[in-house]
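Architecture at a glance
Listed here are the chains, written in short residue letters.
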Amino acid sequence: MRDLLPYYLQTRLFTINLCAPLQLEDYIPQPVDFASPPKWHLAHSTWFFEEMILKKFYPEYQIFHPDFSFLFNSYYQTIGKRAVRNQRGLITRPSVEEVYKYRKYVDAKIEELLTDEDNLEIRELIILGINHEQQHQELLITDLKHTFSFNPINPVYKENFDLINQDNEETGWLEIEKGLYQIGFEGEGFHFDNEVGRHQVYLNDFQISKALVTNGEYIEFIEAGGYQNFKFWLDEGWSWVEENKIDAPLYWENIDGVWHQYTLGGLKIVEKDKILAHISFYEAQAFANWKGCRLPTEFEWEAASAKFKWGKRWEWTYSAYLPYPKFEIAEGAVGEYNGKFMISQMVLRGASTATPKGHERSTYRNFFHPKYRWQLTGIRLAK
């Protein structure tokens, strides 16, 4: 298992490097329940390796701290009680310093474990843990941006740090012919359980855009009264707009007639030719409706994905998050990873500029409730 060590250490170091620009005060706040503080991400991704691997496979393993299993469990009912999700920012103790010591302690024990002879179960759990941490790397930076956005002085995470201003590399529409298409993961390499169950789906003829919707296109929707006209919106989406007084994408602000957006490099003018980000499913669907188009289903997206460039935004699909044929929930805590969330959520496909390299693939099924937009979400149209 020694061959896994460089991959493990590289992943762990990447998380530390993400936190390098932070000041101590940045590690703790949690202004909303769905976004966690950096300190919690550092601890929880470490907790995964301790709880899922070291406690089970390391002989006579001594836990780092008796309270950490409770404090840094996220949603694993199998493992026991856990701290309330919306109060993670109130956990001022243990200190940030102690959390870093926790990471070093667990890393040292994992390194010792990886010197043993190959064990398939340990190998698979280590790889799962690495992918789990990569998910939290993306969440750490997007959660941090959301926290910073509440600060009226528009703090800078890092000068010229840019996850937003990307160009489309292609234009036009792809014609996809009707027929049977294979959907789902097949072959070697890591994948999550919600990707397996490869199966055929029948698709009618459709077209899918080779480009993602730009800021300028979305400004046209705003200026045409898109947020004031209920006829473009699903009823639930229209209620969300009215109740929350939504009139623009997340982080956008109109200053003296000019649209600005908060970025991790500070407040910037919205560039019209750049790809749109931070859009809810409700907004994506309403924009598509306004354009006389629609969102692709996740099956259409996957069937066409080899023919267009993707990876700059998580792309909303018009597919509910449901199990594939023959999907089975695994035994134990690992079985809680995906299956129990298959309700009231929509599927996103692709990846984003915050997704760690190597973590993206065309069969990856991300999923969020339709109101959320703090991730780097965008719109690809279909018709």
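Analysis parameters
Residues numbered from 1 in each chain as written. Predicted model: local features only at pLDDT ≥ 70, side-chain atom pairs only at ≥ 80, totals over all residues. Heavy atoms only, no water. Helix = DSSP H or I, 4+ residues; strand = E, 2+ residues; numbered from the N terminus. Rg over C-alpha atoms; globule rule 2.2 N^0.38 Å. Buried < 20%, exposed > 50% of the residue type's maximum accessible area, 1.4 Å probe, protein only. Contact = heavy atoms within 4.5 Å. Areas by Shrake-Rupley, 256 points an atom, 1.4 Å probe, with all protein chains shown as cover. Lys, Arg positive; Asp, Glu negative; His and termini not counted. Charge placed at Lys NZ, Arg CZ, Asp CG, Glu CD. Core = buried A, V, L, I, M, F, W, Y, C linked by side-chain atoms within 4.5 Å. Pairing = 2+ DSSP bridges. Axes fitted to C-alpha atoms, helices over the stretch in contact; angles between N-to-C directions. Polar contact = N/O pair within 3.5 Å; in protein donor to acceptor, adjacent residues only side chain to side chain. UniProt positions renumbered as here; feature names shortened; annotations may be inferred.

**Details of the overall build of the protein chain**
Counting its secondary structure elements, the protein chain contains nine helices and 11 strands. Expected size for 383 residues packed as a compact globule is a radius of gyration near 21 Å; at 22 Å, the protein chain falls within 12% of this value. Summarising its shape, the C-alpha atoms of the protein chain cover approximately 65 × 55 × 35 Å along the three principal directions. When each of the 383 residues of the protein chain is scored for burial, the buried share is 55%. Contacts in the protein chain between residues at least 24 apart in sequence constitute 78% of all its contacts with a sequence separation of at least 6. Taken as a whole, the protein chain presents about 17,900 Å² of accessible surface, with 51% of it coming from carbon and sulfur. Here the protein chain contributes 41 positively and 54 negatively charged side chains, and the mean placements of these two sets differ by 1 Å.

**Structural notes on the nonpolar core**
Ranked by size, the top nonpolar core spans 92 residues in total, and within it Ile53, Ile110, Ile126, Tyr218, Trp233 and Ile379 carry the most contacts. If you tally residues by element for this core, the top one is helix α2 (residues 38-57), at 10 residues. For Trp233, the contacting residues outside a window of four places in its chain are Phe221, Gly226, Tyr227, Trp238, Trp240, Val241, Tyr282, Glu283, Gln285 and Ala286. If you look at the next biggest cluster of nonpolar residues, it comprises 12 residues, including Ile176, Trp301, Ala304 and Phe308.

**Side note on the sheet that holds strand β5 (residues 252-255)**
With antiparallel pairing, three strands are arranged side by side in an open sheet as β5-β6-β7. The sheet is open, and its two edges are formed by β5 and β7 (266-269), each paired on a single side. The mean inter-strand angle of the sheet, taken between neighbouring strand axes irrespective of direction, is 35°. Pairing of strand β6 (residues 258-263) with β7 involves four bridges; the strand directions are antiparallel. Residue pairing for β7: Thr263 is matched across the bridge by Gly266.

**A word on the pairing of β6**
Judged by how many residues are buried, β6 sits mostly within the fold: five of six residues are covered. In the sheet, β5 pairs with β6 via four bridges, with the strands oriented antiparallel. Considered in β6, the bridge of Ile255 is made with Val258. Hairpin connection between β5 and β6: a loop of two residues separates the two successive antiparallel strands, and Asp256 in this loop has a positive phi of roughly 55°. Connecting β6 to the next strand, β7, in antiparallel fashion are two residues.

**Section: the sheet that holds strand β11 (residues 377-378)**
Hydrogen bonding along the main chain pairs the strands of a sheet, whether they run parallel or antiparallel. Ordered in space as β10-β9-β8-β11, the four strands form an open sheet in which the pairing is mixed. Sheet topology places β10 (366-368) and β11 at the edges, where each strand pairs with a single neighbour. Of the pairings in the sheet, the one linking strand β9 (residues 346-350) to β10 comprises three bridges and is antiparallel in character. Bridging from a neighbouring strand, Leu348 pairs with Asn366 of β10.

**With respect to the side chain of Gln166**
By the secondary structure assignment, Gln166 is in the loop between α5 (120-149) and β1 (173-176). Of the residues examined, Gln166 reaches a relative accessible area of 12% and is grouped as buried. Separated by 2.7 Å, the side chains of Gln166 and Arg313 make a polar contact. Among all residues touching Gln166, those that are not within four sequence positions of it are Lys274, Ile275, Lys312, Arg313 and Thr353.

**Considerations on the side chain of His359**
Residue position: His359 is located in the loop between β9 and β10. Side chain to side chain, His359 and Tyr364 meet in a polar contact 3.2 Å long. Apart from residues lying up to four places away in sequence, His359 is in contact with Asn131, Gln134, Gln135, Phe192 and Tyr364.

**Quick look at unusual backbone geometry**
One can expect most non-glycine residues to show negative phi and most peptide bonds to be in trans. Cis peptide bonds are those with omega within 30 degrees of zero, and the linkage from Arg93 to Pro94 qualifies with 10°. Its identity is not glycine, yet Lys245 carries a phi of approximately 55°, on the positive side. Inspection of the secondary structure puts Lys245 in the loop between α7 (235-244) and β5. Given a relative accessible area of 69%, Lys245 falls into the exposed group. Even without a glycine there, the phi angle at Lys326 is positive, about 70°. With respect to the helices and strands, the residue Lys326 is situated in the loop between β8 (314-320) and β9.

**Quick notes on the UniProt feature "domain: Sulfatase-modifying factor enzyme-like" (unreviewed entry) in the protein chain**
Sites flagged by UniProt as "domain: Sulfatase-modifying factor enzyme-like" (unreviewed entry) map to residues 170-305. Helix and strand shares over residues 170-305 are 26% and 24% respectively, and the end C-alpha atoms of the span are 13 Å apart.

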